[in-house]
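Structural overview for review
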Amino acid sequence: ALHPNDKAAILAKFKKLYPQYADQLDVYAAGAEAAPMQQVYSFQGEKKIRQFADDPEEAPSGSHTSWFGRNWPWVLLAGAAAGGGIIAAVASSSSSSSSSDPYAAPEQIGDVAEYANQSGLSRIHADEANAAGFTGQGITVAVIDTGVNIQHPDLAANIAAGGYDFLNGTDTITDTNTDVYHGTHVAGVIAAGKNGFGMRGVAYDAKILPIAAIGSNATGTEVASAYDYARTHNAQVINASFGPSDVANQYFISDQAQFFWNQALVEANKLLTYTQGGGIAVFAAGNSYDGNSAANILINSNPTGGGFLPFIRPANANIAIGQPGAYRASEDGTNLQILNADYSALEGHLIVAVAVDPNNSIASFSNRCGVAKNWCIAAPGVDINSTSVGNTYSPLDGTSFAAPHVSGAIAVLLQQHPELTPTQVVNLLLNTATDIGAAGIDDIYGHGLLNLDAAVQSTGPFMVVTGANMSGNQILLNNSSVHAAPAFGNSFANALKSTNIGILDAYTRNFTVSLNDHVSTTLTALDSTTALQRFGQNEFRPKVAIDNNNTVSFTLKAKDGLERAAADSDQGMDFESYSFTHQLGDQVALNVNHRDVRANALGFSEDDRSLLSSQVSSNGVGNPYLDFVSDGYANNVTVDLPWEGRFRATTAMGGPSLSSNSTEGQRNMLAMGEFGFGDNNNSVVVTSGAMIEQTQMLGMSGTGAFALGQGTTTWFGGISGHWQLAPKTEMLASFYGGITSGRAANDSLVQDVGNVSSTAWRVGLVRHDVLQEQDRFRMNIAQPLRAESGDMRMSLPQYRLRDGTMIRQDVNYGLAPTGREIDFEAGYSFTVNDDTKLDFAAMYRRDAGHVAGQNEAIGVSRVSKNF
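First things first, this report covers the structure right here in the doc. (Residues numbered from 1 in each chain as written. Predicted model: local features only at pLDDT ≥ 70, side-chain atom pairs only at ≥ 80, totals over all residues. Heavy atoms only, no water.)

Scanning the protein from N- to C-terminus turns up 18 helices and 39 strands. In the protein, 69% of the contacts between residues at least 6 apart in sequence involve partners at least 24 apart. Taken as a whole, the protein presents about 36800 Å² of accessible surface, with 54% of it coming from carbon and sulfur. (Helix = DSSP H or I, 4+ residues; strand = E, 2+ residues; numbered from the N terminus. Contact = heavy atoms within 4.5 Å. Areas by Shrake-Rupley, 256 points an atom, 1.4 Å probe, with all protein chains shown as cover.)

Extensive coverage of helix α9 (residues 246-255) is indicated by the burial of 7 of its 10 residues. Tucked inside the fold, the buried residues of α9 contact β6 (242-244), β7 (258-260) and α11 (294-300). (Buried < 20%, exposed > 50% of the residue type's maximum accessible area, 1.4 Å probe, protein only.)

Within the largest apolar cluster, 59 residues are counted, with the highest numbers of intra-cluster contacts made by Phe-260, Leu-271, Phe-283, Ile-312 and Tyr-343. Residue contributions to this core peak at 6 residues, all from helix α10 (residues 262-276). The residues touching Phe-283, leaving out its near neighbours within four places in the chain, are Tyr-227, Ala-240, Phe-242, Leu-271, Gly-306, Gly-307, Leu-350, Ile-351, Val-352, Ala-353 and Ala-403. Counting residues in hydrophobic clusters, the runner-up holds 55 residues, among them Ala-129, Val-148, Phe-401 and Val-412. (Core = buried A, V, L, I, M, F, W, Y, C linked by side-chain atoms within 4.5 Å.)

Here we take up the state of the cysteines. Within the structure shown, the criterion is met by 1 disulfide. Two residues, Cys-369 and Cys-376, share a disulfide whose sulfurs are 2.0 Å apart. Around the S-S axis, the bridge from Cys-369 to Cys-376 shows a dihedral of about -65° and counts as left-handed. (Disulfide = S-S within 2.5 Å.)

If you walk across this open sheet you meet the 7 strands as β3-β4-β2-β5-β8-β10-β11, and the pairing is parallel. A single partner strand is all that each edge strand has here, and the edge strands are β3 (164-165) and β11 (376-380). As judged from the 2 bridges shared by β3 and strand β4 (residues 207-212), these two strands associate in the parallel manner. Within β4, the residue paired with Asp-165 across the bridge is Ala-212. Packing against the sheet, helix α8 (residues 222-232) makes contact with β2 (140-145), β3, β4, β5 (237-240) and β8 (280-284), and its axis sits at approximately 150° to β4. Packing of helix α12 (residues 399-416) onto the sheet brings it into contact with β2, β5, β8, β10 (350-356) and β11, and relative to β10 it is tilted by some 130°. (Pairing = 2+ DSSP bridges. Axes fitted to C-alpha atoms, helices over the stretch in contact; angles between N-to-C directions.)

For the rest of this paragraph, the subject is the side chain of Asn-130. Within the secondary structure layout, Asn-130 lies in helix α6 (residues 126-131). Among the polar contacts made by the side chain of Asn-130, one reaches the main-chain carbonyl oxygen of Phe-134 at a distance of 3.0 Å. When neighbours within four sequence positions are excluded, Asn-130 is seen to be in contact with Thr-135, Val-202, Tyr-204 and Val-412. (Polar contact = N/O pair within 3.5 Å; in protein donor to acceptor, adjacent residues only side chain to side chain.)

Okay, empty space enclosed by the protein next. As enumerated under the stated definition, the model contains 5 cavities of 30 Å³ or more in all. Of the pockets and cavities examined, the largest cavity occupies roughly 200 Å³. Pro-244, Ala-264, Glu-267, Gly-305 and Gly-306 are the residues nearest the centre of the largest cavity, which is lined by 20 residues in total. Breaking the lining of the largest cavity down by element, the ones donating at least two residues are α8, β6, β7 and α10. Examining the composition of the lining of the largest cavity, we find that 4 residues originate from one element, α10, more than from any other. Grouping the amino acids of the lining of the largest cavity by side-chain chemistry returns 14 nonpolar, 5 polar and 1 charged. (1 Å grid on protein atoms, 1.4 Å probe; cavity = no way out; pocket = protein on both sides within 12 Å on 5 of 7 lines; lining within 4 Å. Points joined across faces, edges and corners; volume = space filled by probe spheres on them. Nonpolar A, V, L, I, M, F, W, Y, C, P; charged D, E, K, R; others polar.)

On to the packing of helix α7 (residues 182-191) against α12, then. Contact geometry for α7 and α12: axes closest at 8 Å, N-to-C directions at 35°. Along this stretch, α7 crosses α12, giving a crossing that reads as right-handed. Here His-182, His-185, Val-186, Val-189 and Ile-190 of α7 lie close against α12, whose contacting residues are Ser-400, Phe-401, Pro-404, His-405, Ser-407 and Gly-408. Classifying every residue of the contact of α7 with α12 gives 5 nonpolar, 6 polar and no charged. (Left-handed = near helix turned anticlockwise from the far one by under 90°.)

Right, let's talk about α12 for a bit. Here α12 contains 18 residues, and its C-alpha end-to-end distance of 26 Å stays within 8% of the 26 Å for a straight helix at 1.5 Å per residue. Most of α12 is tucked away, with 17 of its 18 residues classed as buried. (Expected span 1.5 Å × (residues − 1).)

Moving on: the environment of Gln-774. With respect to the helices and strands, Gln-774 occurs in the loop between β33 (756-768) and β34 (776-789). Judged by its relative accessible area of 62%, Gln-774 is exposed. The sequence separation of Gln-774 and Phe-830 amounts to 56 residues, and the corresponding C-alpha distance is 6.4 Å. Non-local contacts of Gln-774, meaning those with residues more than four positions away in its chain, are made with Asp-769, Ser-829, Phe-830 and Thr-831.

Dropping the structure here:
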């Protein structure tokens, strides 16, 4: 019918091969002139048939069709005899036999066996993805094929309403291919249910939209109509396990170029409309490869049919006939013309599948990826067991059954990530394939073997979107963290740790992560090693008078063994701080100091210094806000006032002590004024000032997506004093409070920080000569700096939509801790003799670290002996 002039030669070939059917062939040939050429055909086969060839003489070597084609009458006779025997046996059997319903559910075999009954599932790692909850639910896959056995018990629950039979013009759906139930088999690979019997589909909760468009009675317009039907019925995926017929393929081979007739281009345009509306198409590559024929290899080293379409573009239109990838326009396979068309837009919306055998090697019959390698993937296509007639199953070979593995995988991904565009889904599936064959994207396997588990796994780096949509700032999650300071306890940190936020992976897919690994707090437990090293070491603070107006003083720090080893020195002391004072006159002095800001405050006396060195903890001594500039420099101007008064103005720049990397490089600024009245026995100091933290808030820091704004301001004030209660007893007390105005940074999840109030106080008592001369008893009750109120509002990403809009959730976090730390400490020191001193202390921390119910106690002792 395609080449009338060659009819006699073709007829002679068939008569030579099948002389017993010569009469029937003559009758067929006589009516063939009026019959249209069947240009679209399923890539199908009977059980274990690799090629369904129109002309057995032209079938590739290794095809299983020749024997059946030559012996089908005997097969039918044998089948009839066997059938008669079965009927007789059934007739004589008990009437209590199992149900005669041909659609009754098969025997239950359990989930494990059901999964194993479709060998392709394990090879594409479908179970791992399904176990994570991704089963294709909510996704519709249009199976454009020979129809579907919609009553099959493994498919019935997953058939979408609205299927259509374009072959017969009816909405009554059956599978017209009663030889192998091709469309039914395809549908089962995609969405056979998880029900404990039979086998299971890749996307066993997806819906199948059955569209019958492939069959011997097709007129040529059915496929184009099917594409439109899939689009108007909202099928997100089309599975197209069909392509040019074997007759057409033989002309491709003889012409040394694929050709596309007008109706094929009509179909291509309809497919383009479908994909531009957001759909994804999956094509079988074809089953026509014959490695023994150079002419065949030229054509079938590429997909034929729809899988080839994205290669049709202006840049490729003039590829010479006889060269790889050559294509032309033709209606009869003889008059080949340059095809001026462009279907490159299908790339990113279309995947073509080649078939691999159980060893993951290319199947002998499968076309290769070739010029389509950039949108080509490999999937199981040999011994694929799936749904068939009635409630039965059968194993089949073909790229027809590789394609539905891919369609099912796409359904799984679309359920997991509906925010992705079709191009992102296609690229994700291709790029996560397991590389087989030659390294990289190759001409046989394309991107490699479908790997559904890899496709559903998140792939870093992970990004946090801080804006309202994808055009906003995107920050690496690994560069984003929150470090909560001791003043806030752990309530804020714990609340944030238990929060989940939406992030995007390298494919801009939505994933949810806990912030647990990105939130930390300063160690709230008392560092007993540090306390022991410092405890009882009276500061050595020599003062050196340069002249009458200039004095230098300094403190030394004892090195421990590790520090000495690191410095490769036996030197046991190091400079800790120093101070330079210049006396302008009798009443005015200038002072510059380094790392001794608190000790040079007007309200900090020598009794404080002595108490500090003998305490287990340094909490509760002096102005706590000075701790935020303790690692830096301070300038003081001190002026004597009447009535035993003094005024000191201080400016300082520095950071907290470098106890962690989170404070490294921090440079804060502080300015304060102090008025003090009294003498060495009784005095009161009133303090007020302001502190600006560079990027922190009372020591709390955030990086990346959690960055705080620069210039957090704290206004603080306080009162302190000491009083001589008796000749050998004195009391020390202080109270400080502040208001901090936090700031949010640009491009941060932190949107607003309310005013944070904070307090700290202490009461201390020192008694000398209690039991003997030069002994000392001390008590101290203190509350370290604590946030009393305040909150932080964050706008946390949850999910991105396909158009890039970010769905966000505003969350307020209270900053006040759950507990209130109160430190109780008592100590006693005395001299044994001129060379030996003993020092004992014990401390109890209630709600340690401002964490309710977290209590701890410690006792230390030191023996000091001079040699």
